Amino acid sequence: MLVIVGGSMAAVKAPSVLRRLREGGVSVNVIATRAALAFITELSLSTAADGPVGTDAAWFSPRPDALHLTLAKVDAAVIVGASAELLAGAAHGHANELALATLLSVPGPVLWVPAMNAAMWHNRAVQANVARLRDWGHHFLGPEVGSFGTRGEGAGIGRMAEPEDIAAAVLKLLAPAAVSDSKGRDLDGLHVVVSAGPTREYLDPVRFISNPSSGKMGFAVAMEARDRGARVTLVTGPVNLPGPSGMAVVRINSALELRDAVVQAAQDADIVVMTAAVADYRAAELKGEKQAKVAGDVSIHLTPNPDILAELGQNKGERVLVGFAMETHAGVERAAAKAARKNADFILLNYPTQEGTAFGGDDNQVTLVRADGSHQDWPRASKRQVARQLLNEALRVRDLRVREQRTTD
Ligand code: CTP
C-alpha cells in the first residue's frame, strides 16, 4: 500500500493511520510531500511506518534506482490529507514531485482523503479536479463536516475523515490477500449486535449521572465485524465518535433506551457484545424542571436499572453473548461470577487502574474469563486487535455450539 501524506494540517494524523494499517497487517510505502513536511516530521512518519519515507529530497539526490517507480510497486494508494494542490496535480497528470510521479504508475485503486478549508473545497477548480478523478475511477473518503485546523476556522465541510475510518476504507480497498492478519469474510451472513459507550441517567433536564466510557472498544468491535462481512447493529450511548459507515447505528441516552434497542436488535442476532458501560442506577423520579440549589445536603433516590446482559442470558437461544467487566480487585473471580450470573459465554476483564488501557485509551489489556473460572491473559494490544481476537473467540464458541447441536439432533 502506498500512503502519500499531503500538505495539510491533517498530516499530523498520518502516523495514526500508518499504525492502524500496520496493525491490520498491511505493509506500507510512505511518501511525504514537501508541504507535508512543514506540518509533520519525517521521523514521526518513518517511526509510525517502521520504514523509510520517500521525499522529494531523496528523489532528487543521486541514487541508482528510480524512487518513483520502486515506490509505485503496490496494490493501491491512499492520499492522507490530500490538498487542493495534489488533487490538481493528479487531475492533470503532473509529475513534478515524487508523490505525483509515483501516483502516475500505481497500478491499483487510488483513495483520496481530502482535508482543506471549506471555501477551498467548494472552489470550482477543486471540484472540477475531484470530478475528473472520480470519472477515472478514483475513490474519495470525506471530507467531513467539522472544524478544520487548530483555530477552528472554516467550520463546514473540509475536515479529514478519522484515522480509524481511513484505515477501514483502505482495508476494504485492498484485496484480502494483502491483509495478512485478516480472517477474510468469516462473519458473512451473521448479525452482530454491539453496545458501546456510557449511558446517561438524567436527574432533571440538564443534569445526569454518567461515566467516562469513550465507546472506542465497542466501535472497534463493530467495525471489525463489519469488515469481516457481518451485518452489524451498533447501539451507542453519547460518545465523541462519528458513526461508522456500513452498519446500523442506533444512538441512545439512558440504560432503558439501551435495553430496548439491544433487546430488539438481538432478536435475530448471532453474536451480542456488550461493551457499554451501563449505569447500574437511574433516578427514581425524573424531575421535569431544573432543580434549584437548596441549603445543606441533598440526597437523590436511585433505583436499579435492568441488567441487559443478564436479560439476554435468560433467553439466550443460539446466540453467543460476550460481556465486559472492569474490576479493581479479585478480577478473575468476580468476572467469572458475572459470566455465570449473566449466562455470558465469556467476559473480557480489564482494570481501570492500568495506564493507557482503560477509559478513552487506544489500547486495551484484557483477560478472557469464562463462567467456570478458566481464563487467559491477552497481551496489551490496540482495541481493534482486541476486537479481532474477541470475534475469533465468539466464532469459536458459536462453531462448537452448532456442532454440539448437530450431534444431539
Ligand atoms: N451490563 C448490562 N446491564 C447493566 C449493567 C451491566 O448489560 N445494567 C453489562 C455490561 O455491558 C458489561 C457487563 O454487564 O458487559 C458487566 O458489567 P458490570 O457493570 O461490571 O456488571 P455489574 O453486574 O453491574 O457488576 P458490579 O456489581 O461490579 O457493578
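The model shown is predicted, which means the values in this text are computed figures rather than measured ones. (Residues numbered from 1 in each chain as written. Predicted model: local features only at pLDDT ≥ 70, side-chain atom pairs only at ≥ 80, totals over all residues. Heavy atoms only, no water.)

1. Observations regarding the sheet that holds strand β18 (residues 346-350)
Argument step 1. Here eight strands make up an open sheet; going across it, the order is β13-β12-β9-β14-β17-β18-β20-β21 and the pairing mixed. Strands with a single pairing partner mark the edges of an open sheet, and in this sheet they are β13 (248-251) and β21 (375-377). Direction aside, neighbouring strands of the sheet carry axes that sit 15° apart on average.
Argument step 2. Relative to strand β20 (residues 367-369), β18 runs antiparallel, the two being bridged by three bridges. Paired with Ile347 across the two strands is Val369, which belongs to β20.
Argument step 3. Each of β17 (320-326), β18, β20 and β21 is contacted by helix α13 (residues 331-342), which is oriented at about 150° to β18, the strand it contacts most. (Pairing = 2+ DSSP bridges. Helix = DSSP H or I, 4+ residues; strand = E, 2+ residues; numbered from the N terminus. Axes fitted to C-alpha atoms, helices over the stretch in contact; angles between N-to-C directions. Contact = heavy atoms within 4.5 Å.)

2. Remarks on the site of the ligand
Argument step 1. By nearness alone, 14 residues border the ligand, and Met274, Ala276, Leu309, Lys338 and Lys342 come closest of all.
Argument step 2. Between the ligand and Phe324, the relevant distance is 2.9 Å, taken from an oxygen atom to a main-chain nitrogen or oxygen of the residue.
Argument step 3. Looking at the shell around the ligand, the elements that each hand over two or more residues are α12 (308-314), β17 and α13.
Argument step 4. No other element matches the four residues that α13 contributes to the shell around the ligand.
Argument step 5. Residues that form the shell around the ligand fall into these classes: seven nonpolar, one polar and six charged. (Near = heavy atom within 4 Å. Polar contact = N/O pair within 3.5 Å; in protein donor to acceptor, adjacent residues only side chain to side chain. Nonpolar A, V, L, I, M, F, W, Y, C, P; charged D, E, K, R; others polar.)

3. Re the packing of helix α10 (residues 216-227) against helix α14 (residues 383-408)
Argument step 1. Two elements in contact, α10 and α14, have axes whose closest approach is 8 Å; the angle formed by their N-to-C orientations is 60°. With respect to their mutual orientation, α10 and α14 come out oblique. Crossing angle aside, the handedness with which α10 passes α14 is right-handed. The residues of α14 that touch α10, namely those facing Lys216, Met217, Ala220, Val221, Met223, Glu224, Ala225 and Asp227, are Lys383, Arg384, Val386, Ala387, Arg388, Leu390 and Leu391.
Argument step 2. Taken together, the residues that form the contact of α10 with α14 break down as nine nonpolar, no polar and six charged. (Parallel < 35°, antiparallel > 145°, perpendicular 65-115°, else oblique. Left-handed = near helix turned anticlockwise from the far one by under 90°.)

4. Comments concerning the nonpolar core
Argument step 1. The biggest cluster of nonpolar side chains holds 36 residues, and the ones touching the most others in it are Leu187, Val221, Ile271, Val273, Phe346, Leu348 and Leu390.
Argument step 2. Within the residue set of this core, elements represented by two or more residues are β9 (191-196), α10, β12 (231-236), β14 (271-274), β17, β18 and α14.
Argument step 3. Excluding anything up to four places from it in sequence, Ile271 contacts Leu187, Leu190, His191, Val192, Val193, Val320 and Ala394.
Argument step 4. Counting 33 residues, the second-largest nonpolar core is a separate cluster that includes Met1, Ala14, Val30 and Val53. (Core = buried A, V, L, I, M, F, W, Y, C linked by side-chain atoms within 4.5 Å. Buried < 20%, exposed > 50% of the residue type's maximum accessible area, 1.4 Å probe, protein only.)

5. Thoughts on the packing of aromatic side chains
Argument step 1. Taken as a whole, this structure holds three aromatic pairs when the rule is applied.
Argument step 2. Aromatic pair Trp59 and Phe60: ring centres 5.0 Å apart, planes at 45°, arrangement tilted.
Argument step 3. Residue classification places Trp59 among the buried residues on the basis of a relative accessible area of 18%.
Argument step 4. Among the residues examined, Phe60 registers a relative accessible area of 58% and is labelled exposed. (Phe/Tyr/Trp six-rings, centres within 6.5 Å; stacked < 30°, edge-to-face > 60°.)

6. Here's the deal with the pattern of salt bridges
Argument step 1. For the structure shown, the criterion picks out 24 salt bridges.
Argument step 2. Ionic pairing is found between Asp188 and Arg185, a salt bridge with its closest N-O pair at 3.5 Å.
Argument step 3. We note a salt bridge from Asp345 to Lys316, for which the minimum N-O separation is 3.2 Å. Taken together, the residues Asp345 in the loop between α13 and β18 and Lys316 in the loop between α12 and β17 connect sequence positions 29 residues apart. (Salt bridge = Lys/Arg side-chain N within 4 Å of Asp/Glu carboxyl O.)

7. A closer look at the sheet that holds strand β4 (residues 77-82)
In a beta sheet, neighbouring strands are held together by backbone hydrogen bonds and run either parallel or antiparallel to one another.
Argument step 1. As summarised here, the arrangement of the six strands in space is β3-β2-β1-β4-β5-β6, forming an open sheet in which the pairing is parallel. Of all the strands in the sheet, the pair left with one neighbour each is β3 (53-54) and β6 (139-140).
Argument step 2. As defined by bridge partners, β4 adjoins strand β5 (residues 110-114) across five bridges and the pair is classed as parallel. Bridge assignment links Val80 to a residue of β5, and that residue is Val113.
Argument step 3. Each of β1 (2-5), β2 (29-32) and β4 is contacted by helix α1 (residues 14-23), which is oriented at about 170° to β1, the strand it contacts most.
Argument step 4. Here helix α5 (residues 84-91) sits on the sheet and contacts β1, β4, β5 and β6; the angle it forms with β5, its principal contact strand, is near 150°.

8. A short note on α14
Argument step 1. The terminal C-alpha atoms of α14 lie 37 Å apart, and with 26 residues this matches the ideal 38 Å at 1.5 Å per residue to within 8%.
Argument step 2. Within the span of α14, buried status applies to Lys383, Arg384, Val386, Ala387, Arg388, Leu390, Leu391, Glu393, Ala394, Leu395, Val397 and Arg401. (Expected span 1.5 Å × (residues − 1).)

9. A look at a nonpolar patch on the surface
Argument step 1. A contiguous nonpolar surface patch, about 290 Å² in accessible area, is contributed by Tyr281, Ile300 and Leu302.
Argument step 2. Turning to its location among the elements, Tyr281 is positioned in strand β15 (residues 281-283). (Patch = residues over 30% accessible without salt bridge, like charges linked within 9 Å, V, L, I, M, F, W, Y side chains within 5 Å. Areas by Shrake-Rupley, 256 points an atom, 1.4 Å probe, with all protein chains shown as cover.)

10. Concerning unusual backbone geometry
Argument step 1. The linkage connecting Gly142 with the following residue, Pro143, adopts the cis geometry, with an omega of 5°.
Argument step 2. Unusually for a residue other than glycine, Asp50 sits at a positive phi of about 55°.
Argument step 3. Here Asp50 shows up in the loop between α2 (42-49) and β3.
Argument step 4. A positive phi angle is found at Ala330, which is not glycine, with a value near 45°.
Argument step 5. Among the structural elements, Ala330 can be located in the loop between β17 and α13.
Argument step 6. By relative accessible area, which is 37% here, Ala330 ends up partly exposed.

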